[in-house]
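# Close look at the chain arrangement
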Amino acid sequence: MAKLFRAAIMGPPGSGKGTISKRIAQNFGLQYLSSGHFLREGIAANTEAGLLVKSYVERGLLVPDHIMTGLMLPRLEQLTSHSWLLDGFPRTSGQALALNAVCQMDLVISLNIPFETLRERLSDRWIHPASGRVYNMGFNPPCVQGRDDISGEPLIQHDDDKPEALLARLRHYKDVAKPVIDLYKSLGILHQFSGTDTNRIWPHINSLLSTKIHTPPLTACQPPMH
Ligand code: G5P
Ligand code: MG
């Protein structure tokens, strides 16, 4: 019987996590769970949890671990018969340890993208605030300039995508991600990809996953052995 496949993708803001995740989900049939998407959903719905996280997300700060694990782990517990891919979670060692306690990961992808590339991408990034849909004026422009493809509403740029705020966010990312990367390295499941172009990185990730995901998933997710 084929085993479930549980993976995560890590990388700094703008590194291509979302773009690559969508390709993985489509090609390999993994359920896609983006922590940023769930946070934005809560914010848009004006839920109590949404209001709580809004001030963190708006300032580009990490949402506290207990909120993130409370948001993500119950969703994973409901996906006992699916293979899945996490985008943006875990992001701290606290989150990684909490995840490890409930489910054993099979593979973690870490994206290493040069700062200058991230700066260029994010300064060209436009967002539809209500849905979180992301555009890039060179890579995936909207059909009508300045307008969301689905709703036709105006697109905006984030203040924290400006160069000085971005530099601080990237430094912070490195500090916080290091113990998470070290943990997955020590478990032998970390795969790092470096480069400036998502379209060049993608074939390597695609080949790697083709060697790991052979058949459709059938069995339930088992907690790790201690
Ligand atoms: P998110 O939503 O996880 P970030 O900041 O980590 O947000 P983001 O912005 O979503 O990451 P990404 O998914 O890594 O970036 O990259 P992407 O969206 O695919 O690509 C970025 C842009 O570049 C897009 O416009 C894309 O089209 C373009 N692009 C991609 N590839 C190429 C290329 O090859 N060339 C070019 N030219 N362009 C390209 O998290 C948001 C916030 O939520 C909170 C935090 O506050 C976070 O800041 N949060 C958490 N807090 C605590 N713990 C967690 N686990 C949290 N998760 C989220
Ligand atoms: Mg993203």
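Refer to the preceding data block for the structure.
This write-up is about the structure you can find in this document. (Residues numbered from 1 in each chain as written. Chains lettered and ligands numbered in written order. Predicted model: local features only at pLDDT ≥ 70, side-chain atom pairs only at ≥ 80, totals over all residues. Heavy atoms only, no water.)

## Description of helix α7 (residues 163-186)
Counted at 1.5 Å a residue, the expected span for α7 with its 24 residues is 34 Å, and the 34 Å between its end C-alpha atoms agrees. The largest bend along α7 measures about 40° and falls at Ala177, with the proline Pro179 one to four residues further on. Listing the buried residues of α7 in full gives Leu166, Arg169, Leu170, Tyr173, Val176, Ala177, Val180, Ile181 and Tyr184. Against the buried residues of α7 lie β1 (6-10), α5 (93-102), β4 (107-112), α6 (115-123), β5 (125-128) and β7 (190-194). Phi turns positive one or two residues past the end of α7, at Gly188, with a value near 75°. (Helix = DSSP H or I, 4+ residues; strand = E, 2+ residues; numbered from the N terminus. Expected span 1.5 Å × (residues − 1). Bend = angle between axes of the 7 residues up to and from the residue. Buried < 20%, exposed > 50% of the residue type's maximum accessible area, 1.4 Å probe, protein only. Contact = heavy atoms within 4.5 Å.)

## Considering the pattern of salt bridges
Taken as a whole, this structure holds six salt bridges when the rule is applied. Between Arg133 and Asp148 there is a salt bridge, and its shortest N-O distance comes to 2.9 Å. With Arg133 in strand β6 (residues 133-136) and Asp148 in the loop between β6 and α7, this residue pair connects regions lying 15 residues apart in the sequence. A residue is classified by how much of its surface remains accessible, and Arg133, at 30% relative accessible area, is partly exposed. Across the salt bridge formed by Asp197 and Arg200, the nearest N and O atoms sit 3.6 Å from each other. Accessibility expressed as a relative area gives 65% for Arg200, which makes it exposed. Because the salt bridges share partners, they merge into one network encompassing Lys3, Arg6 and Asp106. (Salt bridge = Lys/Arg side-chain N within 4 Å of Asp/Glu carboxyl O.)

## Quick notes on the pairing of β1
Counting buried residues in β1 gives five out of five residues, a clear majority hidden from the surface. Burial along β1 is two-sided: Arg6, Ala8 and Met10 and Ala7 and Ile9, pointing in opposite directions, are all buried. When β1 meets strand β3 (residues 84-87), the two strands line up parallel, connected through four bridges. Across the sheet, the residue bridging to Ala7 is Leu85, located in β3. Taken together, the four bridges between β1 and β4 define a ladder with parallel strand orientation. In the strand pairing of β4, Ala7 is matched with Leu107. (Pairing = 2+ DSSP bridges.)

## Comments concerning the packing of aromatic side chains
For the structure on display, the rule yields zero aromatic pairs. In this arrangement the basic side chain of Arg75 is found over the ring face of Phe38, its NZ or CZ atom lying 3.8 Å from the centre. (Phe/Tyr/Trp six-rings, centres within 6.5 Å; stacked < 30°, edge-to-face > 60°. Lys NZ or Arg CZ within 6 Å of the ring centre and 35° of its normal.)

## A few points about the site of ligand 1
Taken together, 31 residues lie near ligand 1, and Thr19, Leu61, Arg91, Arg125 and Thr198 sit nearest. Ser15 is positioned with one of its backbone polar atoms (N or O) 3.2 Å from an oxygen atom of ligand 1. Contact between ligand 1 and Arg121: an oxygen atom at 3.4 Å from a side-chain N or O atom of the residue. Relative to its unbound accessible surface of 1,000 Å², ligand 1 loses 91% to contact with the protein. Of all elements in the fold, only α1 (17-28), α2 (35-44) and β6 reach the threshold of two or more residues within the shell around ligand 1. No other element matches α2, which puts four residues into the shell around ligand 1. The residue makeup of the shell around ligand 1, split by class, is twelve nonpolar, twelve polar and seven charged. (Near = heavy atom within 4 Å. Polar contact = N/O pair within 3.5 Å; in protein donor to acceptor, adjacent residues only side chain to side chain. Areas by Shrake-Rupley, 256 points an atom, 1.4 Å probe, with all protein chains shown as cover. Nonpolar A, V, L, I, M, F, W, Y, C, P; charged D, E, K, R; others polar.)

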